[in-house]
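# Notes for the structure review
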Amino acid sequence: MAQLWGGRFTKETDQLVYNFNASISFDQKFLQQDIEGSIAHVIMLAKQGILKKEEKDAILKGLTGIREDVEAGKLAITEEYEDIHSFVEANLIERIGDAGKKLHTGRSRNDQVALDMRLYIRLEVLQTDGLLKELLTTLLKMMEDNTETYMPGFTHLQKAQPVTLAHHAGAYFEMFKRDRSRLKDIFYRMNYCPLGAGALAGTTYPLDRNYTASLLGFEGPTLNSMDSVSDRDYVIEFLAALSTIMMHLSRFCEEIIIWNSNEYRFVEIDDAYSTGSSIMPQKKNPDIAELVRGKTGRVYGALMSMLTTMKGIPLAYNKDMQEDKELTFDAIDTAKGCLALFEGMVRTMKFNRDVMEKSAMAGFTNATDAADYLVGKGVPFRDAHGIIGRLVLYCIDKNCSIEDLSIEELKEISPVFEEDVYGAVSLKTCVEKRLTIGAPGPKAMQEVIRMHREYLSKDWQDEDDMFGGRLNETLYREDIKK
Ligand code: ARG
């Protein structure tokens, strides 16, 4: 048992207690963050005259050595340490001796773990955003290629009006675009540095918290030390954003499963993204889409768990908060995995355009347009609705579509019908006439596609004021090189 405390204890920790309390099995994910944070802390301590230059240099050498050795597989992170912070500190002392004992000056594990978590989440927010951008790029391509691929639009999963595949994909483009903007908001809101908050009440050392914050690429230091060590609202926000992403992915998956079914045959999922059956040789199943849909529950679970963990904790740090890690890590890995797989699945999926178009023509998807045709001839809409309703009933009886009826049959139902009705209710006209922005008409779609191209050509992660998420190279690397 390697612990950072023990002076005031007269007995060894019970082994079960030790195991129950330890977090090394999961917080070892923080190795990079813990070392980056310590490096920045030590550089700041030396600048403030709290550590001597030689001490700083020795500690930095020790810390980077630990990182290199773990990465090279020469040093193992084992269960003998309580957590990643203890692992790093104990190894540092072993390497460089007494100077290592000064690393924790003016710091508590409470602000240390708060920093590690922020650094970790900040990076994951940026990576998730990158995956969303890749998915949007794929969806934009799908839109560009399919402005004239007709398909039925549904309400209540009943055929409603014709749309295009570009329009359908465009709906998801909007959703995932908003998901990205949520991540951007979270990034800017969370990008403040908690280091220097100490256990809860700051420290008596003359720390330069602005400096530490700038070294680590934060906008500035957090402004209340108790809040700094005791809130994880940014984790909750991120889990909420991931839950929303999963909800969007899951809906799309549900549609793909339906489209891929033997009855629909709108799409064929690529062999590389399908699975077979152990007993039924003919089967090709959409397991990936089903798994993404299924894993959505797991990500929601992490959000509910985190909200519940946090709801009754008095200020400031309490050990309950150690529970912020496992489910959060799992939710992040799950959502990122789903995003990457989903993108590959839709990129390689084949659309059966003929089947989609045939389906769009059947099921009276042009009934609204037929009513609008009558309105154009001076019939009030409510009456037109009734006439077309009767027409549909007649067609159901005859097992045909509106456009299959002769002009005589049409005139019998309403004398207003003329030859031009056939053009007015054709699939092409139904879609093309929908030309206001946001509608599936090709003109409106081209305009939206142009806006999406423009949106994807710029990236908020490249914006000048987004120095966060990146360590301050000039201030930082210079010290490290020594
Ligand atoms: N493993 C702890 C956590 O994840 C680190 C902070 C420990 N602080 C403390 N006062 N025991 O929250």
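My aim in this report is to walk through the structure given alongside it, one point at a time. Source: prediction; values computed, not measured.

### Looking at unusual backbone geometry
In most cases, non-glycine residues show a negative phi, while peptide bonds are predominantly trans. Put simply, L315 and A316 share a cis peptide bond, and its omega is 0 degrees. Here A316 shows up in the loop between α11 (287-310) and α12 (326-348). Non-glycine residue R265 carries a positive phi angle of around 50 degrees. On the secondary structure map, R265 appears in the loop between α10 (233-259) and β5 (267-268). In this model, N399 sits at a positive phi of 55 degrees, which is unusual for a non-glycine residue. Here N399 shows up in the loop between α15 (381-398) and α16 (407-413). Residue N399 is classed as exposed on the basis of its relative accessible area, which comes to 71%.

### Focus on the site of the ligand
Surveying the vicinity of the ligand reveals the residues S23, D27, D83, H85, R109, N110, V113, Y317, K319, Q322 and K325. With respect to the ligand, the side chain of S23 contributes an N or O atom lying 3.1 Å from a nitrogen atom. Compared with its free state, where it exposes 340 Å², the ligand has 86% of that area covered by protein. Ranked by residues supplied to the shell around the ligand, first place goes to helix α6 (residues 109-145) with 3 residues.

### Describing the nonpolar core
Counting 107 residues, the largest nonpolar core has F87, I121, M143, F176, L249, I256 and F342 as the members making the most contacts within it. At 16 residues, α6 tops the list of elements feeding residues into this core. One finds A370, A371, A384 and L410 within the second-largest nonpolar core, a separate group that totals 22 residues.

### Section: the pattern of salt bridges
Scanning all chains against the criterion turns up 34 salt bridges. The shortest N-O distance in the salt bridge between D129 and R180 comes to 2.8 Å. On the criterion of sequence distance, the pair formed by D129 in helix α6 and R180 in helix α7 (residues 165-190) is long-range, its members being 51 residues apart. Residue class for D129 comes out buried when judged on its relative accessible area of 0%. The residue D179 makes a salt bridge to R182 at a minimum N-O spacing of 3.0 Å. Within this pair, D179 and its partner R182 are both found in helix α7, separated by 3 residues, close to a single helical turn.

### Focus: the environment of G386
In this fold, G386 is placed in helix α15. C-alpha separation for the pair G386 and S426, spaced 40 residues apart in sequence, amounts to 20 Å.

### A word on the packing of aromatic side chains
Applying the stated rule across the entire model yields 16 aromatic pairs. Pairing F30 with F329 gives two aromatic rings, centres 5.5 Å apart and planes at 90 degrees, and the pair type is edge-to-face. In this pair, F30 sits in the loop between α2 (24-27) and α3 (31-47) while F329 sits in helix α12, placing the two residues 299 residues apart along the sequence. Owing to a relative accessible area of 4%, F329 belongs among the buried residues under this scheme. When the centroid spacing of 6.5 Å and the interplanar angle of 35 degrees are considered together, the rings of W259 and F266 count as tilted. With relative accessibility at 4%, the residue W259 sits in the buried group. Feature note: the residues F154, Y172, F176, F252, W259, Y264, F266 and F342 constitute an aromatic cluster, connected by ring pairs. The side chain of K47 reaches across the aromatic face of Y211, ending 4.8 Å from its centre.

### Regarding a nonpolar patch on the surface
A surface patch of nonpolar side chains, about 260 Å² in accessible area, is lined by L4, W5 and F9. With respect to the secondary-structure elements, F9 resides in the segment before α1 (15-21).

### Some thoughts on the pairing of strand β1 (residues 150-155)
Alignment of β1 against strand β2 (residues 158-164), held across 6 bridges, turns out to be antiparallel. Looking at β2, one finds that G153 is bridged to Q161. The antiparallel hairpin formed by β1 and β2 contains 2 residues in its connecting segment, where H156 sits at a positive phi of about 55 degrees.

Conventions and cut-offs
- Residues numbered from 1 in each chain as written.
- Predicted model: local features only at pLDDT ≥ 70, side-chain atom pairs only at ≥ 80, totals over all residues.
- Heavy atoms only, no water.
- Helix = DSSP H or I, 4+ residues; strand = E, 2+ residues; numbered from the N terminus.
- Buried < 20%, exposed > 50% of the residue type's maximum accessible area, 1.4 Å probe, protein only.
- Near = heavy atom within 4 Å.
- Polar contact = N/O pair within 3.5 Å; in protein donor to acceptor, adjacent residues only side chain to side chain.
- Areas by Shrake-Rupley, 256 points an atom, 1.4 Å probe, with all protein chains shown as cover.
- Core = buried A, V, L, I, M, F, W, Y, C linked by side-chain atoms within 4.5 Å.
- Salt bridge = Lys/Arg side-chain N within 4 Å of Asp/Glu carboxyl O.
- Phe/Tyr/Trp six-rings, centres within 6.5 Å; stacked < 30°, edge-to-face > 60°.
- Lys NZ or Arg CZ within 6 Å of the ring centre and 35° of its normal.
- Patch = residues over 30% accessible without salt bridge, like charges linked within 9 Å, V, L, I, M, F, W, Y side chains within 5 Å.
- Pairing = 2+ DSSP bridges.

Purely spatial values, then, with no claim about function.
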